[in-house]
Amino acid sequence: MKRLLLLLFLELSLALGTTNLKSQILDNSMFRIYRAQFIMGTVTQLRLNFDNSYELKIIEIDCSLCDHDELKNSINSSGNWMQNDDTLYLDQNRKLLIVEDSKIRPLFLLGLNTDSISEEQHKMLNQRTIDSHLNDFNLVYDKYQDGVAKLIIDKYRFRKEEYEIELKPNASIKDMRYYWDGKQRKRMK
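Residues numbered from 1 in each chain as written. Predicted model: local features only at pLDDT ≥ 70, side-chain atom pairs only at ≥ 80, totals over all residues. Heavy atoms only, no water.

Turning our attention to the overall build of the chain. In terms of helices and strands, the chain carries 3 helices and 12 strands. Counting the 189 residues in the chain, one finds 34% classified as buried. Considering only contacts within the chain whose residues lie at least 6 apart along the sequence, 39% involve residues at least 24 apart. As presented, the chain carries roughly 12,300 Å² of accessible surface, and 52% of it is formed by carbon and sulfur atoms. (Helix = DSSP H or I, 4+ residues; strand = E, 2+ residues; numbered from the N terminus. Buried < 20%, exposed > 50% of the residue type's maximum accessible area, 1.4 Å probe, protein only. Contact = heavy atoms within 4.5 Å. Areas by Shrake-Rupley, 256 points an atom, 1.4 Å probe, with all protein chains shown as cover.)

See below:
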C-alpha cells in the first residue's frame, strides 16, 4: 500500500510539475532583442523589455518596389507584452510561440493588410507563413540585469559574415565564434 501511495504521489508531482513549468523568456535580463531577417522584404526587430513593454520595428528595408511608409505603418508597433507558458501575447491579441529561448515564431501575419481577403484565404496564408519559418525571430542581443551585455549574435543573414560574442558578467569576452554561409570559421572572411 505504501508503495502504491508513493508511486501515486510521484506521478502526481511529476504531472503537476510539467504543467506548471513556464519558460521565462527574460530570466535575469533587462531586455532582449530578436531579429527576423525577412518579413515582407524587411529586417524587423522585436525588443522585449523587463517592464513588459515591447517595440516591434523595421530596421532595414530590402524591397525597392514596396511602399516604405505602408510597411512601417503595418509593422512598427509598441505596447505591452505578456507571457503564458510558451506563448507571448503582444497587446493581448497577437500571439508569438516561444520555440526556444533564442527563437520566437509569430502566429499572425506581419506587414500584410488582410481586410480585402476572405477568412479562409487569411487562415491559409497565415498557416503557410508560419510553416515556412521565414518570419521567425532569432535572438541577437541579451543583457544582464545590471546592464552589461551577455550575448551578441549577428547570424541568420543569408550568406553574409556572421558572428557570436558571449560575454562574462564582468564584460570580458568569454567566447567568440565566426560563421560564413552557416559554417563555423576561425576568423572573419
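On to helix H3 (residues 119-132). Taking 1.5 Å of rise per residue, 14 residues should cover 20 Å, and H3 covers 20 Å from first to last C-alpha, within 8% of that figure. Of the residues making up H3, those classed as buried are Asn126, Thr129 and Ile130. The arc that holds the buried residues of H3, viewed along the axis, is 100°, so those residues lie on one side. Pointing more than 90 degrees away from the buried face of H3 are the exposed residues Glu120 and Arg128. (Expected span 1.5 Å × (residues − 1). Arc of directions from axis to C-beta.)

The next point concerns the pairing of strand S3 (residues 53-61). Note: strand S2 (residues 42-49) against S3, 7 bridges, orientation antiparallel. Counterpart to Gln45 in the pairing with S3 is Lys57. The turn linking S2 back onto S3 is made up of 3 residues, and Asn52 within it adopts a positive phi angle of 70°. With 4 bridges connecting them, S3 and strand S4 (residues 77-84) associate as antiparallel partners. Looking at the pairing, Glu55 lines up with Ser78 of S4. (Pairing = 2+ DSSP bridges.)

This brings us to the packing of aromatic side chains. For the coordinates displayed, the defined rule picks out 1 aromatic pair. Aromatic side chains Phe31 and Tyr141 sit 5.7 Å apart centroid to centroid with 20° between the ring planes, which places their arrangement in the stacked category. One end of the pair, Phe31, is in strand S1 (residues 31-39); the other, Tyr141, is in strand S8 (residues 137-143), and 110 residues separate them in sequence. (Phe/Tyr/Trp six-rings, centres within 6.5 Å; stacked < 30°, edge-to-face > 60°.)

Such coordinate-based values are descriptive only and should not be taken to indicate function.
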